[in-house]
Amino acid sequence: MPEQLALTGNEAVAHAMRQINPDVVAAYPITPQTSMMQKFADFVADGLVDSELVLVESEHSAMSATVGSQASGARSMTATAACGLALMWEILGIASAYRLPIVMPVVNRALSGPINIQGDHSDSMGTRDCGWIHIFSENAQEAYENTIMAMRIAEHPDVLTPAMVCLDGFIISHGVESVTIYKDNLVKKFVGEYQPHYTLLDAKHPITLGAMDFSDFYFEHKVSQLDGYNNSHSVILDVGSEFKKTFGGGECYEFFEAHKMDDAEYAVVVLGSTAGSTRMVVDDLRAQGVKAGMLKIRVFRPFPYEEIARLLAPLKGCAVLDRSIAYGGDGGPVHIEVRSALYGQSPVPVMLNYIYGLGGKPIEPEHIHSAFKDIQEAVATGNVKRRVGYLNLTE
Amino acid sequence: MAKLKDLSLKPERLTGGHRLCPGCGVPAVARMALLATDAHLVVGASTGCLEVSTTIYPYTAWQCSFIHNAFENVAATISGVEAAYKALKKRGKIKDEFKFIAFGGDGGTYDIGIQSLSGAMERGHDMVYICYDNEAYQNTGNQRSSSTPMGSNTTTTPVGKESYGSVGRRKDLTAIMAAHHIPYVAQTTSDNWKDLNRKLARALEVEGPAFLNILTPCVPGWKYDGKDTINLSRLAAKTCFWPSYEVDHGKWKLNYTPKEKLPVVDFLKPQGRFRHLFSPENQHVIDELQREVDDQWEELLVRCGKK
Ligand SMILES: Cc1ncc(C[n+]2csc(CCOP(=O)(O)OP(=O)(O)O)c2C)c(N)n1
């Protein structure tokens, strides 16, 4: 029987790591990730896992050591947030180029400056093009499940691409929820053994990894990396459906959750924990007779362009919520992708973008209501007052 | 103690054909290191001359496993490899015995990589870190590092009307590593193969981290005739510019005392990077460099119980 435990998001992910029992884990503290690795350190101290826990002196070294250990054929994990992820940035691209299927929980937190420890998505968005898969979680349950699924996706022989499991700082990482923890042996069986293609520790077949790659091969290698990356598209769906078959439960094992979208006229597109309030607002609006819906994106990278286009094109209007800014870009990063997905569709919905929740600024149902109101108004009047706006900004 | 003849019969783990400069001090040190053990090896190198010249895709000069990650993180990278080895051994997934060596230039070690190095050593990983010290960022064209000697003409401390070259004393990295109280720390020059071989063997044999700092002359950076690499290394030892010593489990030991301590000018003279120091207005730089060498030598004698 699965267990029902009262856990924070960080503890739930630590339980996933306990069940995965990676060969090597590199740990370094940063709010709001810290309590995740503390929990994992408890598991090590209590002998519930036998991972090598490497207490590195920085996140740069956490990712560097993880690259070294994964390249040695050891299943390797680390976790971070905000400044820590930024410090790793250089090595993130090396991990993905070396095709090392590292899985890393990222507890989303606002990037300095000014310094702020609360949740937004500026950290992981800053690593958007580092060649990692980005899977977002709405709550502790999803963060737990995504960590398990990410392992299978990253390690799939056609993919071999590292994956981030994103969970909103504090809201998910520190909020206590009732979480279903599946049976250890079932999770272990689902995750399986890591079967590396090449390792530094194969005495009979020594390898050179990280050679100098000039213009005669570099481009070709990058495209072959991209091919592997793109293979994750179908693998994500396969792993999701196998997970559902094995464990039942859950809702969101595909690219996104489409809540009341079948006949929707207006929708909000959202990532992460804000989906909870959005779903509630949608249900409220439905009760009032408004054909509202929600698209909660689970997989931000690879971005499911076609699937999203199919879903959104028939709408009258939609609002994309972004918890980070793409400076000099068209609003926020999610908005940019959604607009791009709709290129070539006809007709297209009226589209608004809202930046919200930066540095942990609360987002209340009333703010989401106001976004729905704005779209309805824009559709009714044919007049878009402000294409990119803000929710709960004191102006 | 290994015989040179026996070493010469061992299979090469760093083959010829790599693209390091003729006369470069680095490959001799690297080959010596690899010959100092019969165990399987995983070698790492930080971005720099050794790395770029030995692994130009699709070629590699390394006959053992090799990883290059980035510039500042070879110590962390190899610490991850060693952690993987421990984990996989524990879980019965690996039978073979491996040893681990990280190579870094002085830029990658004294400067940008010192945090990663300090962390890996402090954590106690069973690995050997070898700094090949050519006293500047050479791969990018002889820029000053914190190992560059006073008065050196580098591309970021060029000699000019207002400049006699690099300013200030060199960072004493070997002593900094000794202060980590790891099992074995040593420094030496690249001319003395016996000393080199013994120290490398010792570094590989001790359990836990070891650090070696080896002076490796650089033909284009130091601007001397490539045939003089070994002579120059010897002069570095004979002038006490680069003393040979070791700290084995906390015991400081001097490994070479010149019969007659030569003046530092003997080391400076053959090198173009110091040529300008020999005009009268720069005599004070030579004097100051001599004081630096003397101070460090005296300090070392005390540490090694010779005074
Ligand atoms: C983070 C980062 N900064 C700068 C560089 C550029 N860079 C590459 S090699 C190098 C010089 C390396 O110098 P050193 O470590 O002394 O080794 P050497 O070139 O002398 O072998 C520099 C500055 C880099 N690759 N990465």
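Parameters and conventions
- Residues numbered from 1 in each chain as written.
- Chains lettered and ligands numbered in written order.
- Predicted model: local features only at pLDDT ≥ 70, side-chain atom pairs only at ≥ 80, totals over all residues.
- Heavy atoms only, no water.
- Near = heavy atom within 4 Å.
- Polar contact = N/O pair within 3.5 Å; in protein donor to acceptor, adjacent residues only side chain to side chain.
- Areas by Shrake-Rupley, 256 points an atom, 1.4 Å probe, with all protein chains shown as cover.
- Helix = DSSP H or I, 4+ residues; strand = E, 2+ residues; numbered from the N terminus.
- Nonpolar A, V, L, I, M, F, W, Y, C, P; charged D, E, K, R; others polar.
- Contact = heavy atoms within 4.5 Å.
- Buried area = accessible area lost by both parts, 1.4 Å probe.
- Salt bridge = Lys/Arg side-chain N within 4 Å of Asp/Glu carboxyl O.
- Pairing = 2+ DSSP bridges.
- Buried < 20%, exposed > 50% of the residue type's maximum accessible area, 1.4 Å probe, protein only.

- Where an unreviewed UniProt entry is consulted, chain B appears under the name Pyruvate ferredoxin oxidoreductase, with the organism given as candidate division LCP-89 bacterium B3_LCP.

- Looking at an unreviewed UniProt entry, chain A carries the name Pyruvate ferredoxin oxidoreductase, with the source organism given as candidate division LCP-89 bacterium B3_LCP.

## Quick look at the site of the ligand
- Lining the immediate surroundings of the ligand are 18 residues, of which B:Cys49, B:Gly107, B:Gly108, B:Tyr132 and B:Asn139 lie closest.
- Around the ligand, the neighbouring residues derive from chains A and B rather than from a single chain.
- Residue B:Gly108 places a main-chain N or O atom 2.7 Å away from an oxygen atom belonging to the ligand.
- Within the side chain of B:Tyr132, one N or O atom sits 2.7 Å away from an oxygen atom of the ligand.
- Compared with its free state, where it exposes 590 Å², the ligand has 77% of that area covered by protein.
- With three residues, the top contributor of residues to the shell around the ligand is helix H5 (residues 106-111) of chain B.
- Classifying every residue of the shell around the ligand gives six nonpolar, nine polar and three charged.

## Looking at the interface of chain A and chain B
- Contacts between the two partners involve 44 residues from chain A, matched on the other side by 43 residues from chain B.
- Of all residues in chain A, A:Glu52, A:Leu201 and A:Met212 give up the largest surface area on contact with chain B, accounting jointly for 18% of the area buried on that side.
- Run the count over chain A and chain B and you get five salt bridges.
- Note that A:Asp23 and B:Arg91 form a salt bridge whose closest N and O atoms lie 2.7 Å from each other.
- Counting the contacts that link chain A with chain B gives 22 residue pairs in polar contact (both at pLDDT 80 or more).
- Elements with a minimum of two residues in the side of chain A that touches chain B: strand S3 (52-55), helix H3 (59-70), helix H4 (82-97) and strand S9 (208-209) of chain A.
- Of all the elements, H3(A) adds the most residues to the side of chain A that touches chain B, at seven residues.
- Class assignment of the residues belonging to the side of chain A that touches chain B gives a composition of 22 nonpolar, 14 polar and eight charged.
- One ladder, built from two bridges, connects S9(A) with strand S2 (residues 65-68) of chain B; its direction is parallel. Counted as the bridge partner of A:Thr208 is B:Phe66 from S2(B).

## Digging into the pairing of strand S2 (residues 24-27) of chain A
All names here are of chain A.
- Side-chain alternation along S2 places Val24 and Ala26 on one buried face and Val25 and Ala27 on a second face that is also buried.
- Pairing geometry for S2 and S3, over four bridges, is parallel. Each bridged residue has a counterpart across the sheet, and for Val25 the counterpart in S3 is Leu53.
- Bridging between S2 and strand S4 (residues 76-78) involves three bridges; their strand directions are parallel. Along S4, the bridge assignment pairs Ala26 with Thr78.

## Focus on the pattern of salt bridges
- The tally for this structure, following the rule as stated, stands at 42 salt bridges over all chains.
- We note a salt bridge from A:Lys385 to A:Glu377, for which the minimum N-O separation is 3.0 Å.
- Its relative accessible area of 36% is what places A:Glu377 among the partly exposed residues.
- As a salt-bridge pair, B:Arg202 and B:Asp248 come within 2.7 Å of each other at their nearest N and O atoms. One end of the pair, B:Arg202, is in helix H8 (residues 193-205); the other, B:Asp248, is in strand S7 (residues 245-248), and 46 residues separate them in sequence.
- Members of the salt-bridge network, linked through shared partners, are A:Glu138, A:Glu142, A:Glu257, A:Arg279 and A:Lys296.

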